[in-house]
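Read off the chains here:
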Amino acid sequence: MTLTPAQQLAATDRAHIIHPYLPGTAEERVVMTEGKGCRLTDAEGRSYLDATGGLWLAQVGHGRKEIADVAHAQMQQLEYFTSFWEFSNDKAIQLAERLATLAPDNLNHVYFTSGGSEGNEAAIKMARYYHHRRGEGSRTWILARDKAYHGIGYGGGSATGFPVYHEGFAPMMPHVSHLTPPWPYRTELYGGADPTDFLIAELEGRIAEIGASNIAAMIGEPIMGVGGMLVPPADYWPRVREVLDRHGILLIFDEVVTAYGRVGEWFAAQHFDVKPDIITTAKGITSGYTPLGALLVSDEVTEALLQDHGFPMGYTYNGHPVAAAVALANLDIIERENLLSRAVTMGEYLHAQLTDALGDLPIVGEIRSVGMMLAVELVADRETRTPLPMNPARMPHDVIRRETGVIVRDSAHSLVLSPPLIMTEQEAKEAATAMRSVLERTTPAGDITK
């Protein structure tokens, strides 16, 4: 039997590539070969609507020639040199200055990485090292939250609040304590209390239990992405910041998903009117055109890090000139095309489309959004809010993709959308209609009828 080129690619993939989260028994492969705007094309020529932005990152859409041209020009000029010690390059310097102008006004310093997981490893080390440099070496504990996702390194992976990321990798990093997440829809988590009141009391209690003098930082996603796009009450982060300040504990905002326009601001810290000590970013900084991450660090933390021999941690690709050039071009597009305001208006439009298409379905518990981060939480019963059982053989998001070509993501019993910020109204309608076509056939038992 002669295989088509597409079949040969799939067979070669199965033979040689280890995919994250894919068991070896899985035969299906979707081999993408082209992208333009919000559209993708696979090796068989089928078109897809990318309603996930890859992994939350395709802010300016796929296939932007102007970004490719910038990368080409930079590779011809300077493809790479180290940024360790006294060495730097012009594009990294320009990007750092640009980020400092966009960030909350206390965050004037930048530490480059290759991505979000690296960034959270660095942030945790920075927090501990900051206290060490100040003579408080006992401050080693990191506060995190259940349902959090902070990457797959040992530091960030330990702060991540899902058992699946710990099982088989233990022992994880010690001195990490997980708190209840802000998830207002799940009122049962708070025993009838106001969610923020409950969470702040829990935070105060945990600090007292561990001892404030033993805690370095709290790390949190402003909006919890992998946990199901969980949006905290408006007063949550300001009150958390106040508690941490009283106890000398740093606040790390993991904005790997939320930064660079995703929520309608450059950073979700601005949306919640909070000034963290460190912000970790990646993903949307280049819209995925090349790997890059950047930590934005406060003046106070930086001053401690740069004492004596400096911060003794670096990645080979810190401040990579091609990645920095691509990031500058990407930020130019976000500004030029007013994508921050577009994230707000299109997010509201997409939310309305989802509400119209799905709001009457008994398995839809809640539709929530901030900017172009949206989630549809699925339940077996609206009254009890029991999560919808999931059949691994026929997951709703997989069926939606196979039947309609619309790509959405499953996260903690929710279908999550994070499209490119350039999504059109017609594409928003297409996504909502596709989801309706499958969810209206999904039973409270989690079965999808023909």
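Everything quoted here is computed from the prediction, not taken from an experiment.

(A) Inspection of the pairing of strand β5 (residues 141–145) at higher detail. Burial of β5 is extensive: four of the five residues sit out of reach of the surface. Direction of pairing for β5 relative to strand β7 (residues 215–220): parallel, over a ladder of three bridges. Among the inter-strand pairings, I142 is bridged to a residue of β7, identified as A217. Where β5 lies against strand β6 (residues 176–179), four bridges are found, and the strand directions are parallel. Bridging from a neighbouring strand, A144 pairs with H178 of β6. In the classification by handedness, the crossover that spans β5, the intervening helix α6 (residues 154–159) and the parallel β6 is right-handed.

(B) Molecular detail of the sheet that holds strand β2 (residues 39–42). Read from one edge of the open sheet, four strands run β1-β2-β3-β14, paired in mixed fashion. Both edges of this open sheet fall to β1 (32–36) and β14 (406–407), since each of them pairs with a single strand only. Of the strand pairs in this sheet, β2 and strand β3 (residues 47–50) are connected by three bridges, and their pairing is antiparallel. Considered in β3, the bridge of R39 is made with L49.

(C) Representation of the packing of aromatic side chains in the model. Considering all chains together, one arrives at twelve aromatic pairs under this definition. With a centroid separation of 5.5 Å and an interplanar angle of 70 degrees, the aromatic rings of Y190 and F198 are classed as edge-to-face. On the basis of relative accessibility, which here comes to 28%, the residue F198 falls in the partly exposed class. Their ring planes at 70 degrees and their centres at 4.9 Å tell us that Y236 and W237 sit as a pair that is edge-to-face. Take W237: its relative accessible area is 0%, and that puts it in the buried class. Among the aromatic residues, those joined into a cluster by ring pairs are Y21, Y149, F162 and Y165. It is R186 that lies over the ring of W183; its NZ or CZ is 5.7 Å from the centre.

(D) Geometry of the pairing of β1. In this structure, β1 lies alongside β2, joined through four bridges in antiparallel fashion. By the bridge assignment for β2, G35 is matched with L40. Linking two consecutive strands that pair antiparallel, namely β1 and β2, is a turn of two residues; a positive phi of about 65 degrees is found at G37 within it.

(E) A look at the nonpolar core. The biggest cluster of nonpolar side chains holds 103 residues, and the ones touching the most others in it are L95, L354 and L358. Residues in contact with L95, not counting those within four places in the same chain, are F112, I285, L292, A324, A327, L328 and L331. Within the second largest apolar cluster, 27 residues are counted, among which are A122, I219, V301 and Y315.

(F) Region of the structure containing the packing of helix α13 (residues 396–404) against helix α14 (residues 425–439). Put simply, α13 and α14 touch, their axes get as near as 9 Å, and they point 115 degrees apart. Where α13 crosses over α14, the two elements pack in a sense that is right-handed. Residue-level inspection shows P396, V399, I400, E403 and T404 of α13 in contact with α14, the latter providing A434, M435, S437, V438 and L439. Considered class by class, the residues forming the contact of α13 with α14 number seven nonpolar, two polar and one charged.

(G) Structural detail: the domain arrangement of the protein chain. Splitting the protein chain by domain gives domain 1 (5–60 + 339–439) and domain 2 (67–336). The distance between the C-alpha centroids of domain 1 and domain 2 comes to 26 Å. Taken together, the contact pairs 34 residues of domain 1 with 35 residues of domain 2. Considering only the side of domain 1, the residues that lose the most area to domain 2 are L340, M373 and R385, jointly responsible for 24% of the buried surface there. Linking domain 1 with domain 2 are one salt bridge. For R186, the salt bridge identified is with E377, shortest N-O distance 2.9 Å. Taken together, domain 1 and domain 2 are joined by 16 residue pairs in polar contact (both at pLDDT 80 or more). Elements represented by at least two residues in the side of domain 1 that touches domain 2 include exactly α2 (53–56), α12 (339–358), β11 (364–370), β12 (373–381), β13 (386–387), β15 (409–411) and β16 (414–417). For the side of domain 1 that touches domain 2, the class distribution of residues is 21 nonpolar, eight polar and five charged.

(H) Here's a closer look at the environment of N89. Turning to its location among the elements, N89 is positioned in the loop between α3 (65–77) and α4 (90–102). On the basis of relative accessible area, N89 is assigned to the buried category, the value being 5%. Placed 283 residues apart in sequence, N89 and M372 show a C-alpha to C-alpha distance of 34 Å. Those residues in contact with N89 that lie beyond four places of it in its chain are L78, S83, G319 and P321. A distance of 2.8 Å separates a polar atom in the side chain of N89 from the backbone nitrogen of A92. Separated by 2.8 Å, the side chain of N89 and the backbone oxygen of G319 make a polar contact.

(I) The arrangement of α14 in detail. In this model, α14 (15 residues) spans 21 Å end to end at C-alpha, consistent with the 21 Å of a helix rising 1.5 Å per residue. Those residues of α14 that fall on the buried side of the exposure criterion are E427, A428, A431, A432, A434, M435, V438 and L439. Looking straight down α14, one finds its buried side chains confined to an arc of 160 degrees; they lie on one side. Counted as exposed and oriented over 90 degrees from the buried face of α14: Q426 and T433.

(J) Representation of unusual backbone geometry within the structure. For the peptide bond that leads from A170 to P171, omega is 0 degrees, which places it in the cis range. Tracing the chain through its elements places P171 in the loop between α6 and β6. For H175, which is not glycine, the phi torsion reads 65 degrees and is therefore positive. Positioned with a positive phi, K283 is a non-glycine residue whose angle comes to about 40 degrees.

Each value, and the rule that gives it
- Residues numbered from 1 in each chain as written.
- Predicted model: local features only at pLDDT ≥ 70, side-chain atom pairs only at ≥ 80, totals over all residues.
- Heavy atoms only, no water.
- Buried < 20%, exposed > 50% of the residue type's maximum accessible area, 1.4 Å probe, protein only.
- Helix = DSSP H or I, 4+ residues; strand = E, 2+ residues; numbered from the N terminus.
- Pairing = 2+ DSSP bridges.
- Right-handed = clockwise from strand over helix to strand, strands pointing away.
- Phe/Tyr/Trp six-rings, centres within 6.5 Å; stacked < 30°, edge-to-face > 60°.
- Lys NZ or Arg CZ within 6 Å of the ring centre and 35° of its normal.
- Core = buried A, V, L, I, M, F, W, Y, C linked by side-chain atoms within 4.5 Å.
- Contact = heavy atoms within 4.5 Å.
- Axes fitted to C-alpha atoms, helices over the stretch in contact; angles between N-to-C directions.
- Left-handed = near helix turned anticlockwise from the far one by under 90°.
- Nonpolar A, V, L, I, M, F, W, Y, C, P; charged D, E, K, R; others polar.
- Domains from an automatic or database assignment.
- Buried area = accessible area lost by both parts, 1.4 Å probe.
- Salt bridge = Lys/Arg side-chain N within 4 Å of Asp/Glu carboxyl O.
- Polar contact = N/O pair within 3.5 Å; in protein donor to acceptor, adjacent residues only side chain to side chain.
- Expected span 1.5 Å × (residues − 1).
- Arc of directions from axis to C-beta.

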